Amino acid sequence: MIIEIENLTKRFGDFVAVDSVNFSIQEGEVLGLLGPNGAGKTTTLHMLATLLKPTSGTAVVNGYDISKESALVRKSIGIVFQEPSSDDLLTGYENLKLHALLYGVPSSVRKKRIEEVLRLVDLTDRRGDLVKHYSGGMRRRLEIARGLLHNPKILFLDEPTLGLDPQTREHIWGYIERLVEEQRISIVITTHYMEEADRLCDRIAIIDHGKIVVLDSPESLKRALGGDIIRLEIKQPDLDALKKLDYVKKVDARDATLSLTVIDARSHLQEVLAVVGRVESVELHPPSLEDVFLNYTGREFREQEAEGGFWERAMTMRARK
């Protein structure tokens, strides 16, 4: 295993950000971390990258203990943060050269390696431009190039396409897929985009309240829901009548929305509509990761995007001490 995590825990005062997390990652695997804001995704990533010390538990990254051998861990990993961290006043090439010097990339291969990663992310023609003139997508691609410059075994991507337009997001997904295929690099990615997780990840861990509540492949997670999804806009559903239907496996009512997990929903849709009551709109689809997320966290993904982030809450709690 390229990463092995055992009872990894992080507390900020009385607040438990990550609570006894356990999982492992194989070489060449892409693992996605999904969860509401404040669930512990970024904190887990920062501990694995040795940016935060665990309160208890441990993890081994590329054979090195994150607490005892942090310098060796850092040489083994690349990381792309949510917020850009490249220097606006340097060119793309200069940013990469500075990173190469900091990571001790030998002078004999430094220039060649910089050219390789620039070519990988299609920035060769803009290598001499100041980063402040880069678009958001170009800047994110430069961050990925920088994370790869020292040939890491593992790449940590924290919301790598957040705020990018769909076309740029698609391009970055292509770069990530190429990395895994050509270089067998292992990737841990946090994301708010279900399509991104579904496309890129071999397995997905859903984290809520600092704990991993489920971990499996996207297809297995969707299949485990046990049926298709019918979503109804309805004010006063007859829930008792619905629960008597043996092909209705789950009923989830919140506000004016009713979500049903139904075996062979297309065949039974008319029967469901006949007993449920007056319906304003109907949506039927196979299970998606959005439905998986709702099933395990009780929240839709778009609901949690507006919540306060973990760091804001953690710092507030520390200030109270």
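Starting afresh in each chain, residues are numbered from 1 along the sequence in its written order. Note on the predicted model: pLDDT of at least 70 is required for a residue's local features to be given, and 80 or more for side-chain atom pairs to be given and counted; whole-chain, interface and lining totals, by contrast, use all residues. For the side-chain quantities, the full set of heavy atoms in the structure was used; hydrogens and water were omitted.

Colleague: Talk me through the confidence of the model for the protein; I want residue IDs and the actual numbers.
Modeller: Taken over all residues, the pLDDT of the protein has a mean of 88, while the share at 70 or more is 93%. Think of pLDDT as the predictor's per-residue confidence, scored from 0 to 100. Throughout, a residue-residue contact means that at least one pair of heavy atoms, one from each residue, lies within 4.5 Å. Between residues 302-321, whose pLDDT stays under 50, and residues either more than four places distant or in other chains, the model counts 31 contacts.

Colleague: Run through the environment of Ala-100, naming residues and quoting values.
Modeller: On the secondary structure map, Ala-100 appears in helix α3 (residues 92-102). Relative accessibility under 20% of the residue-type maximum defines a buried residue, over 50% an exposed one, and the middle range a partly exposed one, all with a 1.4 Å probe and only protein chains included. Residue class for Ala-100 comes out buried when judged on its relative accessible area of 0%. Residues Ala-100 and His-209, spaced 109 residues apart in sequence, show a C-alpha to C-alpha distance of 38 Å. In contact with Ala-100, other than residues within four places in its own chain, are Val-105, Arg-110 and Leu-149. Helix numbers and strand numbers start at the N terminus; a helix is a DSSP run of H or I with at least 4 residues, a strand a run of E with at least 2.

Colleague: Which residues make up the environment of Pro-106, and what values go with them?
Modeller: Assignment of secondary structure puts Pro-106 in the loop between α3 and α4 (107-120). For Pro-106 and His-150, which are 44 residues apart along the polypeptide, the C-alpha to C-alpha distance reads 9.7 Å.

Colleague: Can you lay out the sheet that holds strand β14 (residues 281-285) for me, pointing to particular residues and giving the numbers?
Modeller: Each pair of strands is called paired provided DSSP finds at least two bridges between the two strands. Taken in spatial order, the four strands make up an open sheet running β12-β13-β11-β14, and their pairing is antiparallel. In this open sheet, the two edge strands, each paired with only one partner strand, are β12 (248-254) and β14. For this sheet the average axis-to-axis angle between neighbouring strands, irrespective of direction, equals 15 degrees. Direction of pairing for strand β11 (residues 228-233) relative to strand β13 (residues 257-262): antiparallel, over a ladder of six bridges. Axes here mean lines fitted to C-alpha atoms, for a helix over just the part in contact, with angles spanning 0 to 180 degrees between N-to-C directions.

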